[in-house]
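Notes for the structure review
Residues per chain, in single letters:
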Amino acid sequence: MTSKNDLLRQIQQFNFAMIELALYLDNQPDCQNALAMYARVRMEYLRVRKEYEDRYGPLSYDGIDTAGNGWSWLDGPWPWEGEE
Amino acid sequence: MWTYEKRLEYPVNIKNPNPAMAKFIISQVGGPDGELAASQRYLSQRYSMPYNEAKATLTDVGTEELAHLEMVSAIIHQLTKGMTMEQIKAAGFETYFVDHTAGVYPQAAAGFPFDALSFAVKGDAITDLVEDMAAEQKARTTYDNILRMVDDPDVIDPIRYLREREVVHFQRFGETLRNVQDNLNSTNFYAINPSFDL
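Keep in mind the model is a prediction, meaning the values are calculated, not measured.

The rules we used
- Residues numbered from 1 in each chain as written.
- Chains lettered and ligands numbered in written order.
- Predicted model: local features only at pLDDT ≥ 70, side-chain atom pairs only at ≥ 80, totals over all residues.
- Heavy atoms only, no water.
- pLDDT = per-residue confidence, 0-100.
- Contact = heavy atoms within 4.5 Å.
- Buried area = accessible area lost by both parts, 1.4 Å probe.
- Salt bridge = Lys/Arg side-chain N within 4 Å of Asp/Glu carboxyl O.
- Polar contact = N/O pair within 3.5 Å; in protein donor to acceptor, adjacent residues only side chain to side chain.
- Nonpolar A, V, L, I, M, F, W, Y, C, P; charged D, E, K, R; others polar.
- Phe/Tyr/Trp six-rings, centres within 6.5 Å; stacked < 30°, edge-to-face > 60°.
- Helix = DSSP H or I, 4+ residues; strand = E, 2+ residues; numbered from the N terminus.
- Buried < 20%, exposed > 50% of the residue type's maximum accessible area, 1.4 Å probe, protein only.
- UniProt positions renumbered as here; feature names shortened; annotations may be inferred.
- Expected span 1.5 Å × (residues − 1).
- Patch = residues over 30% accessible without salt bridge, like charges linked within 9 Å, V, L, I, M, F, W, Y side chains within 5 Å.
- Areas by Shrake-Rupley, 256 points an atom, 1.4 Å probe, with all protein chains shown as cover.
- Axes fitted to C-alpha atoms, helices over the stretch in contact; angles between N-to-C directions.
- Parallel < 35°, antiparallel > 145°, perpendicular 65-115°, else oblique.
- Left-handed = near helix turned anticlockwise from the far one by under 90°.

**Considering the confidence of the model for chain B**
Per-residue pLDDT for chain B has a mean of 98; in total, 100% of the residues score no lower than 70. This prediction of the complex comes with two scores: 0.96 for pTM and 0.92 for ipTM.

Okay, structure coming up:
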């Protein structure tokens, strides 16, 4: 099983690729290469994000599962406190 | 980490340009009790909060303030889009127009630019939360003052919404403060700084 920090690192990597591609596409919106790459990275990002939230808790309001975990939004550590 | 959602928290659709209104509503963009100050106050203060409830509340309210900054900025944008030179002169808007044209610049109604001195980060949970409660009331009063001066229903509607959020945030910060105090010595809340000594 992928550890919490490993999954988080994958989210950061895929999301950084999305950020970088988005900035590029803002000025080159017709670049087919970048469009295809964005589509690929987005799928990976959504996959690892869901896996992380299902296993370790919400990254944003969208990921809060009150039925399973109550108000898990409060659970630490918060991002600025360093990783476990 | 933040991401942007391409929508307003609550709709802003103003049909008629009106620089006279923009002139004072801009205080809620960059003035002392404005939304930029609010967002930076809470998002800066959260790092030294000792309890998860306070960390969450400051994160969540601070994030909502960014959405309010966008709403007030949209109000300024729509009030100044398509304004005529006659309207600019009649409103005394030349002093803003000469530097910013119809751009949205964070400043107070009196003209001074946004200043981080309009908020504090004391690094003490009680001190900071008491400031936050005062800040919500000051912003509420500012929106009340704006509502005394505007007559366009397209402007009144989102301003009323923003005013109501100040009331809700005041209530939530009151609960946060109570939660912090419940963790302390009830006969002497000030024996320690809960952000530093715990």
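**Some points on the interface of chain B and chain A**
Taken together, the 9 residues of chain B in the interface contact 10 residues of chain A. In this assembly, chain B packs against chain A so that about 860 Å² is buried in total across both faces, 62% of it on carbon and sulfur atoms. Of all residues in chain B, B:N52, B:K55 and B:D60 give up the largest surface area on contact with chain A, accounting jointly for 45% of the area buried on that side. Inspection of the region where chain B meets chain A yields 1 salt bridge. A salt bridge links A:E81 to B:K55, with the nearest nitrogen and oxygen atoms 2.6 Å apart. For the pair chain B and chain A, the interface holds 5 residue pairs in polar contact (both at pLDDT 80 or more). Its residues assigned to classes, the side of chain B that touches chain A shows 3 nonpolar, 2 polar and 4 charged.

**Description of the packing of aromatic side chains**
Given two aromatic rings, their pairing is described by the distance between the two centres and the angle made by the two planes. Going through the model one piece at a time under the given rule, you end up with 9 aromatic pairs over all chains. Ring centres 5.3 Å apart and planes at 70° place the aromatic pair A:Y61 and A:W73 in the edge-to-face group. With A:Y61 in the loop between α2 (32-56) and α3 (66-69) and A:W73 in the segment after α3, the pair connects residues that are 12 residues apart, well separated along the chain. Using a relative accessible area of 13% as the deciding quantity, one classes A:W73 as buried. These aromatic residues form a ring-pair network of at least three members: A:Y61, A:W73, A:W78, A:W80 and B:Y47.

**Topic: the UniProt feature "binding site: Mn(2+)" (unreviewed entry) in chain B**
Residue and element names in this part refer to chain B. Within this structure's numbering, the places UniProt gives as "binding site: Mn(2+)" (unreviewed entry) are E35, E65, H68, E136 and H169. Across 135 residues of sequence, these annotated residues stay compact in space, with a maximum C-alpha separation of 12.9 Å. Along the polypeptide, E35 turns up in helix α3 (residues 35-45). A relative accessible area of 1% places E35 in the buried class. Those residues in contact with E35 that sit more than four places away from it in its chain are Q28, V29, E65, H68, L69, V72, Y143, L162 and E166. Inspection of the secondary structure puts E136 in helix α7 (residues 125-149). Every residue in contact with E136, bar those within four places of it in the chain, is listed here: Y42, V61, E65, R165, E166, H169, F170 and F173.

**A closer look at helix α4 (residues 52-80) of chain B**
All names here are of chain B. The terminal C-alpha atoms of α4 lie 42 Å apart, and with 29 residues this matches the ideal 42 Å at 1.5 Å per residue to within 8%. Counting buried positions along α4 gives 22 out of 29 residues, so the element sits mostly inside the fold. Remark: G82 follows α4 within two positions and exhibits a positive phi of approximately 80°.

**A few points about the environment of A:Y52**
Residues and elements named next belong to chain A. With respect to the secondary-structure elements, Y52 resides in helix α2. Through-space distance from the C-alpha of Y52 to that of L8 is 7.2 Å; in sequence the pair is 44 residues apart. Contacts of Y52, omitting those with residues within four sequence positions, involve K4, L7, L8, I11, G57 and L59.

**Here we look at a nonpolar patch on the surface**
Among the surface-exposed residues, A:F16, A:I19, A:L23 and B:M1 lie close enough to one another that they form a single nonpolar patch of about 450 Å² accessible area. By secondary structure assignment, the location of A:L23 is in helix α1 (residues 4-27).

**Examining the packing of α3(B) against α7(B)**
Residues and elements named next belong to chain B. One way to put it is that α3 packs onto α7 with a least axis distance of 11 Å and a crossing angle of 165°. In terms of their interaxial angle, α3 and α7 are classed as roughly antiparallel. When the axes of α3 and α7 are compared, the crossing they make is left-handed. Contacts between α3 and α7 pair E35, R41, Y42 and Q45 from the former with D128, E131, D132, A135, E136 and Y143 from the latter. Looking at side-chain class alone, the contact of α3 with α7 contains 3 nonpolar, 1 polar and 6 charged residues.

**Some remarks on the UniProt feature "domain: Protein CotJB" (unreviewed entry) in chain A**
Per the UniProt annotation, the sites labelled "domain: Protein CotJB" (unreviewed entry) are residues 6-81 of chain A. Between the end C-alpha atoms of residues 6-81 of chain A the distance is 17 Å, and the span holds 67% helix and 0% strand.

**Some remarks on the pattern of salt bridges**
Within this structure, the stated rule accounts for 16 salt bridges over all chains. One salt bridge in this structure joins A:R47 and A:E44, with 2.8 Å as the shortest N-O distance. Residue A:R47 and its partner A:E44 are both found in helix α2; the two are separated by 3 residues, about one turn of the helix. A relative accessible area of 30% means that A:E44 is categorised as partly exposed. Across the pair B:E175 and B:R172 runs a salt bridge whose closest N-O atoms are separated by 2.8 Å. Of this pair, B:E175 and B:R172 both sit in helix α8 (residues 153-182), separated by 3 residues, roughly a single helical turn. Judged by its relative accessible area of 25%, B:E175 is partly exposed. Judged by its relative accessible area of 38%, B:R172 is partly exposed.

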